[in-house]
Amino acid sequence: MQLVNSITRKRINTLRGFCLAIFMIVLVVPATVSAQDNSPYSRFGIGDLVPASSMSSRGMAGISAGYTDYLSINFNNPASLFNFQTSPQPNGNKINSGRMIFDVGTNVDSRSMTDNNNGKTFTASNALFSYAYLGMPLRKNWGLAFGLRPVSRVSYKILRNERLYNPATGAPIDSATTRFEGDGGSYLANMATGFTVFRKKKFDIEENLSIGSSFGYYFGKKDYSSKRTLVNDTVEYFQGNYQTKTSYGNIYYDLGIQYRSVLSKDMLLTVGAFGKLQQKMNARQDRIRETFYYDQSVGDIRLDSVSDVKDVKGKINMPGSFTAGFTLQKLAISPKEGSWMIGVDVLTQNWETYSFYGHKDSLRNRMEVKVGAQYNPAYSKSYFSKVAYRAGIFFGPDYIDVGGRIPMFGVTGGVALPVKNQNRLAPYQASVLNLGLEFVRRGNANTIVKENLFRISLGFALSDFWFIKRKYD
């Protein structure tokens, strides 16, 4: 009995640790996501869209419609959350329990941007929070997950020197320096659940149909400013600031479905889809028009308020989206066999319906294709035989339309590195480090700006069986 109480206390303390870790990550999100990335394309729409997949699938181009993994959380398709179930153990034991998972990720981005008009190149790097999710079984074939992740990021700072002309006469006015700045982004805090509605055994493997839904709060901010200084050697002009601050948010929901078909004793086909309808965000906006001067120790200081309108209410129409895809898996029937998986996703988003306070933006509908694969070698005493190897590609035009459609192409790779369990009180605890590498090319020689992005993603997933029923002689 003392042993049972000790293990129970340990599991409760571990759960508290999981929750504390999520709470601490939530506290540091504003500091990390607001880092300056300086991407001029983030000026449009809701900003640059950040990767929307778990670290386990990011190395496979982010496939998620038909993807499940018992050591990570697929928060894109809630129908996959039924899978917090007992996994096969190396010693053949079976445990009457589900698996709880804590999944967290971060990434480091290095961006290189080239202005095709003058050939100048700018680089920027940042370490950014990706997501934090906790998943648990509610009962057999029914799971729940909740957490937080960023959806988009607004971050740019552009300096432009120009000669101003009278639009009516064409006569020169003065030289000017204008600083365009943007900051903000959007985030999703949600809770999702998925469960099976049909299942049967075939070749001693479960075939099933699962459905799921996600419910939460989508929120964000956009802070745009244009600060102009007139350059004149005889007359001193005040600097002007034209700034708009917007915050928005509303309830978020989406639905998902997955069907797993057993093709043979060692082949599985999983078909899935998820999506959401067009939704409206409630927004509030402050519009600032002012003159200012710059102080080195304080920063920008207001001189005079030309116009200062607070709390202007409005709506932001967000587009609907739909993703469908499949995974084909070759199972390892014995330890002497390797296993593999390939998957394809097709994503569509109707960005032409987007509007911001009734105004359209330079956006167009988006379609993206993702192709990914994973290989697990045959089991041996070598550590590298326990590593999962991943690769993928994705392609499709960006949703931003500035001077024409902007093509986008990416190549990904990754590994899942198992971490040896040193805890004797929790023999079925499993941890894995998911490492992903990604190269993305955005734009080409015909676009205004060409971007090359190299991303390193690192995720940590910790899982354990909970509330195990003990038996005594």
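Residues numbered from 1 in each chain as written. Predicted model: local features only at pLDDT ≥ 70, side-chain atom pairs only at ≥ 80, totals over all residues. Heavy atoms only, no water.

Enquirer: Quick question: what am I supposed to make of the environment of Met318 here?
Expert: Tracing the sequence through the fold places Met318 in strand 10 (residues 299-318). Judged by its relative accessible area of 6%, Met318 is buried. Separated by 39 residues in sequence, Met318 and Gln279 have C-alpha atoms that sit 5.2 Å apart. In contact with Met318, other than residues within four places in its own chain, are Ile46, Tyr218, Gln278, Gln279, Met281 and Tyr354. (Helix = DSSP H or I, 4+ residues; strand = E, 2+ residues; numbered from the N terminus. Buried < 20%, exposed > 50% of the residue type's maximum accessible area, 1.4 Å probe, protein only. Contact = heavy atoms within 4.5 Å.)

Enquirer: What exactly am I supposed to notice about the nonpolar core here?
Expert: Side chains that are nonpolar tend, in soluble globular proteins, to be buried together. Formed by 24 residues in total, the largest nonpolar core has its most connected members in Ile46, Tyr218, Ile316, Met318, Tyr354, Leu363 and Ile400. Where this core is concerned, the elements lending two or more residues are strand 7 (239-264), strand 9 (279-295) and strand 10. Contact partners of Ile316, with chain neighbours within four places excluded, come to Tyr248, Gln279, Lys280, Met281, Ala283, Tyr354, Ser355 and Phe356. (Core = buried A, V, L, I, M, F, W, Y, C linked by side-chain atoms within 4.5 Å.)

Enquirer: How do you make sense of the side chain of Thr412 when you look at a structure like this?
Expert: The topology assignment puts Thr412 in strand 16 (residues 408-419). Assessed through its relative accessible area of 7%, Thr412 is described here as buried. Here the side chain of Thr412 touches Gly59 through a polar contact of 2.9 Å, landing on its backbone oxygen. A distance of 3.0 Å separates a polar side-chain atom of Thr412 from the backbone nitrogen of Ala61. (Polar contact = N/O pair within 3.5 Å; in protein donor to acceptor, adjacent residues only side chain to side chain.)

Enquirer: Help me understand the pattern of salt bridges in this model?
Expert: A side chain with one charge may pair with a side chain of the opposite charge, provided their charged atoms come close. Counted according to the given criterion, the structure contains 26 salt bridges. With a closest N to O distance of 3.0 Å, Asp48 and Arg442 form a salt bridge. In this pair, Asp48 is assigned in strand 1 (residues 48-49) and Arg442 in strand 17 (residues 430-442), connecting sequence segments 394 residues apart. The class for Asp48 is buried, based on a relative accessible area of 7%. Classification of Arg442 as buried rests on a relative accessible area of 8%. Residues Glu181 and Lys157 are paired through a salt bridge, measuring 3.7 Å at the closest nitrogen-oxygen approach. With Glu181 in strand 5 (residues 172-202) and Lys157 in strand 4 (residues 142-165), this pair connects stretches of sequence that are 24 residues apart. Residue Glu181 is classed as buried on the basis of its relative accessible area of 18%. Through salt bridges that share partners, Asp48, Arg111, Asp398, Arg442 and Glu451 make up one connected network. (Salt bridge = Lys/Arg side-chain N within 4 Å of Asp/Glu carboxyl O.)

Enquirer: Which parts of the structure should I look at to understand the packing of aromatic side chains?
Expert: What describes a pair of aromatic rings is the distance from one ring centre to the other and the angle between the planes of the rings. Per the stated rule, a full pass over the model turns up 12 aromatic pairs. Centre to centre, the rings of Phe356 and Tyr357 are 5.3 Å apart; their planes meet at 55 degrees, and the pair counts as tilted. On the accessibility criterion, Phe356 (17% relative accessible area) is buried. Through pairs of rings, three or more aromatic residues link up here, namely Phe75, Tyr131 and Tyr133. The ring of Tyr242 has Arg289 lying over it, and the distance from NZ or CZ to the ring centre is 3.6 Å. (Phe/Tyr/Trp six-rings, centres within 6.5 Å; stacked < 30°, edge-to-face > 60°. Lys NZ or Arg CZ within 6 Å of the ring centre and 35° of its normal.)

Enquirer: Just to check I follow, could you spell out the pairing of strand 3 (residues 121-139) for this structure?
Expert: The side chains of a regular strand alternate between both faces of the sheet. Pairing analysis gives 14 bridges linking strand 2 (residues 99-115) to strand 3, with the strands arranged antiparallel. Across the sheet, Val104 pairs through a bridge with Ala132, a residue of strand 3. Following strand 2, the chain reverses through 5 residues before pairing antiparallel with strand 3; Gly119 in that reversal takes a positive phi of roughly 80 degrees. Pairing analysis gives 7 bridges linking strand 3 to strand 4, with the strands arranged antiparallel. Opposite Arg139, over in strand 4, you have Trp142 as the bridge partner. Linking two consecutive strands that pair antiparallel, namely strand 3 and strand 4, is a turn of 2 residues; a positive phi of about 65 degrees is found at Asn141 within it. (Pairing = 2+ DSSP bridges.)

Enquirer: I keep staring at the environment of Ala79 and nothing clicks. Help me out?
Expert: Secondary-structure assignment places Ala79 in the loop between helix 2 (55-58) and strand 2. Between the C-alpha atoms of Ala79 and Ala65, which are 14 residues apart in sequence, the distance is 9.1 Å. Beyond its immediate chain neighbours, meaning those up to four positions away, Ala79 contacts Ser210, Ile211, Gly212, Gly256, Ile257 and Gln258.

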